[in-house]
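# Architecture at a glance
Single-letter residue listing:
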Amino acid sequence: MTLTLENVWRTVGDEVHIAEANLSLERGTLNTLLGPTLAGKTSLMRLMAGLDKPTKGRILFDGQDVTGVRVQDRSVAMVYQQFINYPALTVYENIASPLRIARASADEIDRKVREAAAMMKLEPMLDRTPLELSGGQQQRTALARALVKGADLVLLDEPLANLDYKLREELREELPRVFAESGAVFVYATTEPTEALLLGGNTVTLHEGRVTQFGPTLDIYRNPGDLLTADVF
Ligand code: CTP
Ligand code: MG
């Protein structure tokens, strides 16, 4: 087990954002966080990434306690629901930035950036800036940057919103394969049950800040449980 949450809580004032989360996620697996809006998907990802500290509980990665360890000191790639690009840099440099920080060679940077750009259909846009792109192209730039980073933990928060139907379908097939091959722990948040089904892998269902089920997606689909029938599958 690589990413482990032990009795993790996150409360802000009187509000409970995440309650009693216990989870163990393995490298090379795809884990879909599935729940309706406000279920706590983004909150749980922020805890996994180390962007927020748990109020209670522990987070371990490869057996090491990373509770409260700053995200800069860990190997995490996250594409936010409101994804971020650097407007002053070209698309090429946006995608290259994690590799430059890691001091990769110019050849390696060029190869990886072009591979990721090809997968995200961004090749003609590499010399533009994000301000010259459509919403879907901007989102693909953020995904390409996460792809080249080669992080141990990859968190994609509703990553296919803003994309047209055809590209969604393509990326839904390609992204899990690419990240699984990288050996990362791969977490993907969505409100869409059909998306979880198409992705396969494991599903974590969330309801009002609580993990209600965790297991192979097909098992959960076959036995959705009382609480989830209406909301989830
Ligand atoms: N919350 C909050 N203030 C924020 C973000 C979240 O009070 N800036 C609260 C919400 O009101 C909710 C809980 O945190 O009770 C979980 O929110 P979130 O993790 O953002 O839910 P998601 O499942 O990510 O919802 P969505 O699908 O809309 O992104
Ligand atoms: Mg969210």
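The model shown is predicted, which means the values in this text are computed figures rather than measured ones.

Calculation notes
Residues numbered from 1 in each chain as written. Chains lettered and ligands numbered in written order. Predicted model: local features only at pLDDT ≥ 70, side-chain atom pairs only at ≥ 80, totals over all residues. Heavy atoms only, no water. Near = heavy atom within 4 Å. Polar contact = N/O pair within 3.5 Å; in protein donor to acceptor, adjacent residues only side chain to side chain. Helix = DSSP H or I, 4+ residues; strand = E, 2+ residues; numbered from the N terminus. Patch = residues over 30% accessible without salt bridge, like charges linked within 9 Å, V, L, I, M, F, W, Y side chains within 5 Å. Areas by Shrake-Rupley, 256 points an atom, 1.4 Å probe, with all protein chains shown as cover. Salt bridge = Lys/Arg side-chain N within 4 Å of Asp/Glu carboxyl O. Buried < 20%, exposed > 50% of the residue type's maximum accessible area, 1.4 Å probe, protein only. Donors = N, O, S within 2.8 Å, 3.2 Å for Na, K, Ca; no water. Lys, Arg positive; Asp, Glu negative; His and termini not counted. Contact = heavy atoms within 4.5 Å. pLDDT = per-residue confidence, 0-100. Phe/Tyr/Trp six-rings, centres within 6.5 Å; stacked < 30°, edge-to-face > 60°.

## Topic: the site of ligand 1
Around ligand 1 sit 13 residues, and of these Thr37, Leu38, Lys41, Thr42 and Ser43 come closest. Contacts to ligand 1 include Ala39, whose backbone N or O atom sits 3.3 Å from an oxygen atom. Residue Ser43 places a side-chain N or O atom 2.6 Å away from an oxygen atom belonging to ligand 1. Elements represented by at least two residues in the shell around ligand 1 include exactly strand S2 (15-25) and helix H1 (41-49). Examining the composition of the shell around ligand 1, we find that three residues originate from one element, H1, more than from any other.

## Digging into a nonpolar patch on the surface
Among the surface-exposed residues, Ile84, Tyr86 and Leu89 lie close enough to one another that they form a single nonpolar patch of about 260 Å² accessible area. Its relative accessible area of 33% is what places Leu89 among the partly exposed residues.

## Notes on the coordination of the magnesium ion (ligand 2)
At the metal site, the magnesium ion (ligand 2) is ligated by Thr42 (OG1) and Gln81 (OE1), and these contacts range over 2.0 to 2.4 Å. Remark: Gln81 occurs in the loop between strand S6 (76-79) and helix H2 (91-101) and Thr42 occurs in helix H1; sequence separation between them is 39 residues. Given the relative accessible area of 27%, Thr42 is considered partly exposed.

## Some words on the side chain of Asp157
Position of Asp157 relative to the elements: it lies in strand S7 (residues 153-157). There is no salt bridge for the buried Asp157, and the closest opposite charge comes from Lys41, which lies 6.5 Å off by N-O distance. Polar contacts involving the side chain of Asp157 include one to the side chain of Thr42, which spans 2.7 Å. With residues near it in sequence (within four places) discarded, Asp157 still touches Thr42, Met45, Val79, Tyr80, Gln81 and Ala189.

## Notes on the confidence of the model for the chain
Averaged over all residues, the pLDDT of the chain equals 92, while 96% of them reach at least 70. Interface confidence in the predicted complex, given as ipTM, is 0.91; pTM for the same model is 0.91.

## Remarks on the pattern of salt bridges
Pairs can form between side chains of opposite charge once their charged atoms are near each other. In this structure the tally under the stated criterion is 17 salt bridges. Here Asp52 makes a salt bridge to Arg46, at a shortest N to O gap of 2.9 Å. The exposure class of Asp52 is buried, given its relative accessible area of 16%. Close ionic contact of Glu170 with Lys166 constitutes a salt bridge, the shortest N to O distance being 3.7 Å. Here Glu170 and its partner Lys166 are both found in helix H5 (residues 165-181), four residues apart, which amounts to about one turn of the helix. The exposure class assigned to Lys166 is exposed, which follows from its relative accessible area of 58%. Connected through salt bridges with shared partners, the residues Glu6, Arg58 and Asp65 form a single ionic network.

## Quick notes on the packing of aromatic side chains
One pass over the structure, following the stated rule, counts two aromatic pairs. On the numbers, 4.8 Å between centres and 20 degrees between planes, the contact of Phe179 with Phe186 is stacked. One exposure class covers both Phe179 and Phe186, and it is buried. Of the aromatic side chains, those joined through ring pairs into one cluster are Phe179, Phe186 and Tyr188.

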